[in-house]
Amino acid sequence: MSKKTAFHVAAVAGCVLALCGVAQADQWDEITQRKELKCGTFADVPPFAAPDPKTREMVGHDIDLCNAVAKQLGLTAKITPLSVEARVPEVKLGRVDVTVANLAYTKSRGEQIQFSDPYYVAKEMLAVKASDPGMAKADFKGKRLSSTKGSTSELSIKMNGSEPVTFQDTGSAFMAVQQNKSVGMVANTMTITKLVNQSKTAGVELKMIKDPMVLQPIGVGMKKDEPVLLSKVNGALYALEKSGELDRIWAKWLGPNTEYKMTRDEKVTPLADLKFELLP
């Protein structure tokens, strides 16, 4: 065999090995081989995911959803608690296969990871004093509204043309309204619903403006360029929708018999079919 031929054979062999390596690196193949779905969730954000005070086991809506998706795929879920900031990076780095942590689709996140079809649409809602004559978000343009710092709530205030007054926690944002430092506060539907209900028996009574500040499609986050995993997760979500399991999980943690008293109106829907203003 000539040196030229030997070089050619070696090059072809190298290419074959490289292609094999790419095939072996397919994330879905890796997942099925280990029979385990590594699922990132919040570390301590009830009712989505938090340690049970008695057992210290992780419980919540997103824990149940992780387990349900894994079971539908014939796998076992391995829960990995993550900080809010780590939800996207841990997926990008491959330390978790999926992130199920009330993860909203935004422009910047969509550039970094891929999302499943949304399984519900979160809303940033505005609460003001019950005596306030305002009835729509447009009525509060130019007015001071409080929220947690660096949140999508703060972003929605700016998008509305209102003036954000920010705090490190929701409780402080709520007190700003009570102490007339702001005319209202913005947070997710669950938080606003809970605070409005509490205000009926303590402090100044609040009301929730029915007009959402922004809509946020919530989906499962995955690493980009993994079409098989995306297809499998979407298939699992639609199957869980059809069986009623998604509604059962919702009712358990967020439904009418919980402190949040929320109804799940949306179903799993392709992102392209939703009408919403994309957050940066």
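Everything below is about the structure printed above this text.
(A) Highlighting the packing of helix α3 (residues 61-72) against helix α10 (residues 245-253). Across the interface, α3 lies against α10 with an axial gap of 9 Å and an inter-helix angle of 160°. Viewed along their axes, α3 and α10 adopt a mutual orientation that is roughly antiparallel. Crossing angle aside, the handedness with which α3 passes α10 is right-handed. Seen from α3, the contacting residues are His61, Asp64, Leu65 and Ala68; seen from α10, they are Glu245, Leu246, Ile249, Trp250, Lys252 and Trp253. Its residues assigned to classes, the contact of α3 with α10 comprises six nonpolar, one polar and three charged.

(B) Here's a closer look at the state of the cysteines. Enumeration over the complete set of coordinates arrives at one disulfide. One disulfide in the model links Cys39 with Cys66; its S-S distance is 1.9 Å. In this structure the cystine formed by Cys39 and Cys66 twists about its S-S bond by roughly -40°; its chirality is therefore left-handed. With Cys39 in strand β1 (residues 36-42) and Cys66 in helix α3, this residue pair connects regions lying 27 residues apart in the sequence. Grouping residues by exposure puts Cys39 and Cys66 together as buried.

(C) Representation of the pattern of salt bridges. The tally for this structure, following the rule as stated, stands at 13 salt bridges. The partner of Lys252 in a salt bridge is Asp64, with the nearest N and O atoms 3.1 Å apart. Note that Lys252 is positioned in helix α10 and Asp64 in helix α3, a separation of 188 residues in sequence. The partner of Asp247 in a salt bridge is Arg264, and the shortest N-O contact between them spans 2.7 Å. Remark: Arg264 occurs in the segment after α10 and Asp247 occurs in helix α10; sequence separation between them is 17 residues. Using a relative accessible area of 11% as the deciding quantity, one classes Arg264 as buried. Several salt bridges share partner residues, and in doing so they unite Glu241, Asp247, Arg264 and Lys267 into one network.

(D) Broad picture of the pairing of strand β9 (residues 163-167). Direction of pairing for strand β8 (residues 144-148) relative to β9: parallel, over a ladder of five bridges. Bridging across to β9, Ser147 finds its partner in Thr166.

(E) Expanded view of the packing of aromatic side chains. Tallied over the full model, the rule gives four aromatic pairs. A centroid spacing of 5.9 Å and a plane angle of 50° characterise the contact between Tyr119 and Tyr120, whose relative ring orientation is tilted. For the pair Tyr119 and Tyr120, a shared accessibility class is recorded, and that class is buried. An angle of 70° between the planes, with centres 5.1 Å apart, marks the rings of Tyr120 and Trp250 as edge-to-face. With Tyr120 in strand β7 (residues 120-129) and Trp250 in helix α10, this residue pair connects regions lying 130 residues apart in the sequence. Taken individually, Tyr120 and Trp250 each receive the classification buried, so the pair is uniform in this respect.

(F) Expanded view of the side chain of Ser116. Tracing the sequence through the fold places Ser116 in the loop between β6 (114-115) and β7. On the basis of relative accessibility, which here comes to 3%, the residue Ser116 falls in the buried class. In this structure the side chain of Ser116 is engaged in a polar contact, spanning 2.8 Å, whose partner is the backbone nitrogen of Val220. Excluding residues within four positions of it along the chain, Ser116 makes contact with Gly219, Val220, Met222, Leu230, Val233, Asn234 and Leu237.

(G) Here's a closer look at α10. Listing the buried residues of α10 in full gives Leu246, Ile249, Trp250 and Trp253. Buried residues of α10, viewed axially, fall in a sector of 100°; they line one side. In the core, the buried residues of α10 are packed alongside β3 (58-59), α3, β7 and α9 (227-243).

About the criteria used
Residues numbered from 1 in each chain as written. Predicted model: local features only at pLDDT ≥ 70, side-chain atom pairs only at ≥ 80, totals over all residues. Heavy atoms only, no water. Axes fitted to C-alpha atoms, helices over the stretch in contact; angles between N-to-C directions. Helix = DSSP H or I, 4+ residues; strand = E, 2+ residues; numbered from the N terminus. Parallel < 35°, antiparallel > 145°, perpendicular 65-115°, else oblique. Left-handed = near helix turned anticlockwise from the far one by under 90°. Contact = heavy atoms within 4.5 Å. Nonpolar A, V, L, I, M, F, W, Y, C, P; charged D, E, K, R; others polar. Disulfide = S-S within 2.5 Å. Buried < 20%, exposed > 50% of the residue type's maximum accessible area, 1.4 Å probe, protein only. Salt bridge = Lys/Arg side-chain N within 4 Å of Asp/Glu carboxyl O. Pairing = 2+ DSSP bridges. Phe/Tyr/Trp six-rings, centres within 6.5 Å; stacked < 30°, edge-to-face > 60°. Polar contact = N/O pair within 3.5 Å; in protein donor to acceptor, adjacent residues only side chain to side chain. Arc of directions from axis to C-beta.

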